[in-house]
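# Inside the fold
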Amino acid sequence: MPITNGDAMFGGAPLLSKQQILPHQKAIEVLKEYESRDGLNIDQLLDSNKNGALTYNDFLVLPGYIGFAASDVTLDSPVTKRISLKTPLLSSPMDTVTEDNMAIHLALLGGLGVIHHNCSADDQADMVRKVKRYENGFISDPVCLSPKTTVAEAVALRDQLGFGGFPVTEDGQLRSKLIGIVTNRDIQFHDNLEEPVSEVMSKDLVTAPAGTTLAEANDVLRQSKKGKLPIVDSNGNLVSLLSRTDLMKNHNYPLASKLPHSKQLIAAAAIGTRPDDKTRLQKLVDAGLDVVILDSSQGNSLYQVGMVKYIKETYPGLDVIAGNVVTREQAATLIAAGADGLRIGMGSGSACITQEVMAVGRPQATAVRAVASFAARFGVPCIADGGIQNVGHIVKGLAMGASTVMMGGLLAGTTESPGLSFVRDGKLVKAYRGMGSIDAMEDKKAGAGAANSKASNAGTARYFSEGDRLLVAQGVSGSVLDRGSVTKFVPYLIAGVQHSMQDIGVKSLVALREGVNDGTVRFELRTVSAQAEGNVHGLHSYDKKLYS
Ligand code: IMP
């Protein structure tokens, strides 16, 4: 007879006589006598009649069996029907989170940064272009001199920028014919400061052709014993530069997000659903865009359905992620329209007051499961967007069925987000604001975002407020702690997720999803006191250093 978890025997040995005690070797076999595994399956956990709707903090995943190293855990996961990432992490299209620098670095690490649209279409297209043109190790926008630049100007530039070694091109711009290179040695002791650099520059150039790989270029640089290696196209125009001083710093990025058969990083950007956004999208596509996200707090709308259909018809090669949604019904509309991916979350963002002000939204864990389990039937991957405060939340979002997670606040404090750090209350912080905050909707600068009129502003569009005379905020504007570079922080997140998956006993995200669906990955609800127990408690003081 199967033993239920509530059976008296479950209480343990003290009730048993000596004869009844079983040999250790039988433990695995005896386990089979139990009707179900320990803990709850996903449906029991998310039974909202019993448990209400859950957020990430409301539950835990139970540990499984560790039979492999954490470093063996793979995190490959799709972000759209056609595109997969090696790191299931995305950065939010927010003007204090993702511009080209974040998009480049996150893509190098295997994730995807979605470039915000709280700026002109040209500025956004420029950022997409920078992501597509970026090649690891190559300086894609080197400072160039014209032959007429004076030695004095070159010296001043060197002092201002802290490095010498400038390529000289016919018109002083990138993509113009390379005619020489001015090194520190050429200008250091030169007496006639008014002389043009064409008189002192070195014309004996070692160059490499466009398309040269980083490894090949590094070899040429090593052999040439020069400080800089200009990369030129077939017409001799300068396209980028490799610097000896960077040679040692050049990391290899084996996880980098690239399409098969492409050397370029994947570029993603957000747009709205107004007629203007079609013009914007054309510019982004011309710049090389691979994935577009329709950025709306409530994606189940006439506008978005129309936009998804328009994009699928006009740009069949472009993947479109629709959203945001939190219910099956919302998801169905967008899937039927042709969405290649969905973004889930309403009111869970750290700078968000939507649930409070609008009384609409859904606790994130429940929302992710409801939408992702439905979307999975159509092979549509989902992004769990918002409310990610730590590694555990990432794992929980993925366990609920999301293929990837999107972060705003957690990445806003990194070096690669727009804007500079500043000191507030004795702590180093960076600005972070909701796109539905009054500041973002009026586009008051927060260290990012180009000047915009309210009428064409992404913040107002995201919240359908373009025509409103009075703006109703759905977000706040504030700051987050400085976190250093994503090149350290994201590897920490990746390693953390790998260790968590090792604890759960699953070696890949596919195995995690299978385990959740077949009931072998188990959960437990957390009471308020369980949550307190699960956090640091009872210490007089402590330092919370997350990684080193
Ligand atoms: P976070 O990672 O918890 O900071 O949440 C980021 C997510 O919050 C974004 O990707 C958006 O979906 C959402 N969001 C951004 N701005 C606002 C806002 O002003 N109100 C509500 N949600 C927002």
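Everything numeric in this text was worked out from a predicted model, so none of it was measured. (Residues numbered from 1 in each chain as written. Predicted model: local features only at pLDDT ≥ 70, side-chain atom pairs only at ≥ 80, totals over all residues. Heavy atoms only, no water.)

### A short note on the nonpolar core
- The biggest cluster of nonpolar side chains holds 100 residues, and the ones touching the most others in it are I311, L342 and F523.
- Here the element with the most residues in this core is helix α19 (residues 486-504); it accounts for nine residues.
- Counting residues in hydrophobic clusters, the runner-up holds 14 residues, among them L85, A268, V291 and I293. (Core = buried A, V, L, I, M, F, W, Y, C linked by side-chain atoms within 4.5 Å. Buried < 20%, exposed > 50% of the residue type's maximum accessible area, 1.4 Å probe, protein only. Helix = DSSP H or I, 4+ residues; strand = E, 2+ residues; numbered from the N terminus.)

### Considerations on the sheet that holds strand β11 (residues 268-271)
- Reading around the circumference, β4-β5-β11-β12-β13-β14-β15-β16 is the order of the eight strands in this closed barrel, with parallel pairing throughout. When the angles between neighbouring strand axes are averaged without regard to direction, this sheet yields 25°.
- Packed on one face of the sheet, helix α10 (residues 276-286) meets β11 and β12 (291-294) and runs near 170° to β11.
- Sitting on the sheet, helix α11 (residues 302-314) touches β11, β12 and β13 (319-325), and the angle it makes with β13 is about 170°. (Pairing = 2+ DSSP bridges. Axes fitted to C-alpha atoms, helices over the stretch in contact; angles between N-to-C directions. Contact = heavy atoms within 4.5 Å.)

### Quick look at helix α15 (residues 391-399)
- With eight of its nine residues buried, α15 lies for the most part within the structure.
- Every buried residue of α15 is listed here: V391, H393, I394, V395, K396, G397, L398 and A399.
- Near the N-terminus of α15, the side chain that reaches the backbone nitrogen of G392, with its oxygen 3.2 Å away, is that of N390.
- In the segment just after α15, G401 is the residue with positive phi, at about 115°. (Polar contact = N/O pair within 3.5 Å; in protein donor to acceptor, adjacent residues only side chain to side chain.)

### Section: the environment of K396
- Position of K396 among the secondary structure elements: in helix α15.
- Judged by relative accessible area, which is 7%, K396 ranks as buried.
- For the pair K396 and S500, spaced 104 residues apart in sequence, the C-alpha to C-alpha distance is 10.0 Å.
- When neighbours within four sequence positions are excluded, K396 is seen to be in contact with Y56, N57, F59, L60 and R526.

### Examining the sheet that holds strand β10 (residues 238-243)
- The three strands are arranged β8-β9-β10 in an open sheet whose pairing can be described as mixed. Of all the strands in the sheet, just β8 (208-209) and β10 have a single pairing partner and so form its edges.
- Two strands pair when backbone bridges link them, and strand β9 (residues 228-232) and β10 are joined in this way by five bridges, in the antiparallel orientation. Across the sheet, the residue bridging to K228 is S243, located in β10.
- Contacts from helix α8 (residues 214-224) reach β9 and β10, with the element oriented near 65° to β10.

### As for the packing of aromatic side chains
- Under the criterion given, the structure shown has six aromatic pairs.
- When the centroid spacing of 6.4 Å and the interplanar angle of 80° are considered together, the rings of Y310 and Y315 count as edge-to-face.
- Y315 sits in the buried class, given a relative accessible area of 9%.
- Between F489 and Y492, the aromatic rings sit 5.9 Å apart at their centres with planes inclined by 35°, giving tilted as the arrangement. Here F489 pairs with Y492, and both are found in helix α19, just three residues apart, close to one helical turn.
- Given a relative accessible area of 18%, Y492 falls into the buried group.
- Ring pairing ties together the aromatic residues F489, Y492 and Y547, which thus form one cluster. (Phe/Tyr/Trp six-rings, centres within 6.5 Å; stacked < 30°, edge-to-face > 60°.)

### Remarks on the environment of E313
- Mapping E313 onto the fold places it in helix α11.
- Separated by 25 residues in sequence, E313 and G338 have C-alpha atoms that sit 9.8 Å apart.

### As for the pairing of β9
- Of all five residues making up β9, five are buried, and the element is well covered by its neighbours.
- Across the two faces of β9 the burial is the same, with K228, P230 and V232 and L229 and I231 all buried.
- The turn joining β9 and β10, which pair antiparallel and follow one another in sequence, is formed by five residues; a positive phi near 80° is taken by G236.

### Digging into the UniProt feature "domain: CBS" (unreviewed entry) in the protein
- In the numbering used here, UniProt assigns the feature "domain: CBS" (unreviewed entry) to residues 138-199 and 201-257.
- In this annotation, residues 138-199 is assigned 26% helix and 15% strand; the end-to-end C-alpha distance for the span is 27 Å. (UniProt positions renumbered as here; feature names shortened; annotations may be inferred.)

### Description of the site of the ligand
- Near the ligand there are 24 residues, and of these S92, S350, D385, Y432 and G436 occur at the shortest range.
- In the environment of the ligand, an oxygen atom lies 2.6 Å from a nitrogen or oxygen atom belonging to the side chain of S350.
- Between an oxygen atom of the ligand and a main-chain N or O atom of G387, the distance comes to 2.8 Å.
- Protein contacts shield 96% of the accessible area of the ligand, which totals 500 Å² for the unbound molecule.
- Within the shell around the ligand, the residues separate by chemical class into seven nonpolar, 14 polar and three charged. (Near = heavy atom within 4 Å. Areas by Shrake-Rupley, 256 points an atom, 1.4 Å probe, with all protein chains shown as cover. Nonpolar A, V, L, I, M, F, W, Y, C, P; charged D, E, K, R; others polar.)

### Focus: the packing of helix α12 (residues 328-337) against helix α14 (residues 364-375)
- Running from amino to carboxyl end, α12 crosses α14 at an angle of 35°, the nearest separation of the two axes being 9 Å. α14 is crossed by α12, and the crossing has right-handed handedness. Seen from α12, the contacting residues are R328, A331, A332 and I335; seen from α14, they are A370, V371, F374 and A375.
- The residue inventory of the contact of α12 with α14, partitioned by class, reads seven nonpolar, no polar and one charged. (Left-handed = near helix turned anticlockwise from the far one by under 90°.)

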